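Observations on the model geometry
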Amino acid sequence: IWPAAVREAKKRHVNIFNGNLFRLKNVRATSDNGLMLELGDTNYREYVATRSDKFRNNRQPGDMANPLATCIAIGTSDGKVIIEKRGGVDVYSGKYHVIGGFMDRPQDLNNGIPDPFKAIGREVKEEVGLTLRNDRIQMTGLVYDRITPHFEICFCTESSLLSKEILDIFVNSEKDCEVDKLEFIDASEDKLAKFISSRRHLIAVTGQACLTLYGKHRYGTTWFHAVMNALG
């Protein structure tokens, strides 16, 4: 499966490589409103193979490689939230997403311990050129993408910068080639809900989830349940 995937990626001008990833084996909520994660090792080759139709037939979610990713909704000082159009990537190419990516072994270790906060900070720096402060990043939830099976930790933060200032950083910084376009959507209560429900087919499912959890964080559970009901 892997050699075929590499050949197909070359046809699409997408660069894929067998990077080392973390596998989420188990998770439980803690009494302080956090998550305890049990991680193992996997890699991108295993992820490509186990998400294929050939492997997934009659398999359970626990049989997948289940690499752990992170994503973040970043609010701006002028009431926007960042989204990006994906390009040159293996999955969800051409769709919108928030900033994110897989946790990387060994880049995302902190004193030998896997650190999702370090991972999302790295992704934002690589994709946007923006530096985040860890003490201003909040975890909003953990979601599972059943289309391209993997877990994703959702975060949110509020930037003191205007959307135009962030766009200037994006345009003028060195970054990877995964982002075709950086855009901003209105993060007001009504317009964020409308965007999520009306653009659902244009957004990666984990990006949709991250935006919805961001809205829950800002506007509460009533808003969250209304949006979930609209999504069906």
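These notes cover the structure that comes with them. (Residues numbered from 1 in each chain as written. Predicted model: local features only at pLDDT ≥ 70, side-chain atom pairs only at ≥ 80, totals over all residues. Heavy atoms only, no water.)

1. Comments concerning the overall build of the protein
The condition is simple: Note on conventions: DSSP H or I runs of at least 4 residues are helices, E runs of at least 2 residues are strands, and numbering of each starts at the N terminus. For a compact globule the rule gives 2.2 Å times the number of residues to the power 0.38, and the radius of gyration it is set against comes from C-alpha atoms. Relative accessibility decides the category of a residue: with a 1.4 Å probe and only protein chains considered, values under 20% of the type maximum give buried, values over 50% give exposed, and everything between is partly exposed. It only takes one pair of heavy atoms within 4.5 Å for two residues to be counted as in contact. None of His or the chain ends enter the tally, which takes Lys and Arg as positive and Asp and Glu as negative. Lys charges are placed at NZ, Arg charges at CZ, Asp charges at CG and Glu charges at CD.
Of the regular secondary structure elements, the protein holds 8 helices and 11 strands. Over its C-alpha atoms the protein spans a radius of gyration of 17 Å, differing by no more than 12% from the 17 Å that the globule rule assigns to 232 residues. For the protein, the spread of C-alpha atoms along the principal axes amounts to about 45 × 45 × 40 Å. Taking all 232 residues of the protein together, the buried fraction comes to 47%. Summarising the internal contacts of the protein: among those between residues at least 6 apart in sequence, 64% fall at separations of at least 24. Between the centroid of the 32 positive side chains of the protein and the centroid of its 30 negative side chains there is a distance of 5 Å.

2. Some thoughts on the environment of glutamine 107
Relative to the helices and strands, glutamine 107 is located in the loop between strand S6 (99–102) and strand S7 (109–110). Here glutamine 107 falls in the partly exposed class, since its relative accessible area comes to 42%. The residues contacting glutamine 107, other than those within four sequence positions of it, are Lys118, Arg122 and Glu126.

3. Things to note about the pairing of strand S3 (residues 68–75)
Stated precisely, the cut-off is as follows: When DSSP finds two or more bridges between two strands, those strands count as paired.
Along S3, 8 of the 8 residues are buried, which leaves the element largely enclosed by surrounding structure. Neither face of S3 is open: one carries Leu68, Thr70, Ile72 and Ile74, the other Ala69, Cys71, Ala73 and Gly75, and all of them are buried. Direction of pairing for S3 relative to strand S10 (residues 150–158): parallel, over a ladder of 8 bridges. The residue bridging alanine 73 from the neighbouring strand is cysteine 156, located in S10. As paired strands, S3 and S6 are joined by 4 bridges and run antiparallel to one another. Bridge pairing in S6 links alanine 69 to phenylalanine 102.

4. A few points about the packing of helix H7 (residues 205–219) against helix H8 (residues 221–231)
Applicable threshold: Whenever a helix is involved, its axis is fitted only over the stretch in contact; in every case the axis is a line through C-alpha atoms, and angles between N-to-C directions fall within 0 to 180 degrees. For classification, angles of less than 35 degrees are called roughly parallel, those exceeding 145 degrees roughly antiparallel, those between 65 and 115 degrees roughly perpendicular, and all remaining angles oblique. Residues were grouped as follows: Ala, Val, Leu, Ile, Met, Phe, Trp, Tyr, Cys and Pro as nonpolar; Asp, Glu, Lys and Arg as charged; and all remaining residues, including Gly, as polar.
Where H7 contacts H8, the two axes come as close as 7 Å, and the packing angle between them is 150°. When the interaxial angle is binned, H7 and H8 end up roughly antiparallel. Contacts between H7 and H8 involve Gln208, Leu211, Thr212, Leu213, Gly215, Lys216 and Tyr219 on the former and, on the latter, Thr221, Trp223, Phe224, Val227, Met228 and Leu231. When grouped by side-chain class, the residues that make up the contact of H7 with H8 number 8 nonpolar, 4 polar and 1 charged.

5. A short note on a nonpolar patch on the surface
Which entries qualify depends on this criterion: The residues that make up patches have over 30% relative accessible area and no salt bridge, and they are joined within 9 Å when like-charged or within 5 Å when they are Val, Leu, Ile, Met, Phe, Trp or Tyr. Using the Shrake-Rupley algorithm and a 1.4 Å probe, accessible areas are obtained, with residue cover drawn only from the displayed protein chains. Between Lys or Arg on one side and Asp or Glu on the other, a salt bridge is scored when a side-chain nitrogen of the former is within 4 Å of a carboxyl oxygen of the latter.
A surface patch of nonpolar side chains, about 190 Å² in accessible area, is lined by Val27, Leu35 and Met139. Among the structural elements, valine 27 can be located in strand S1 (residues 20–29).

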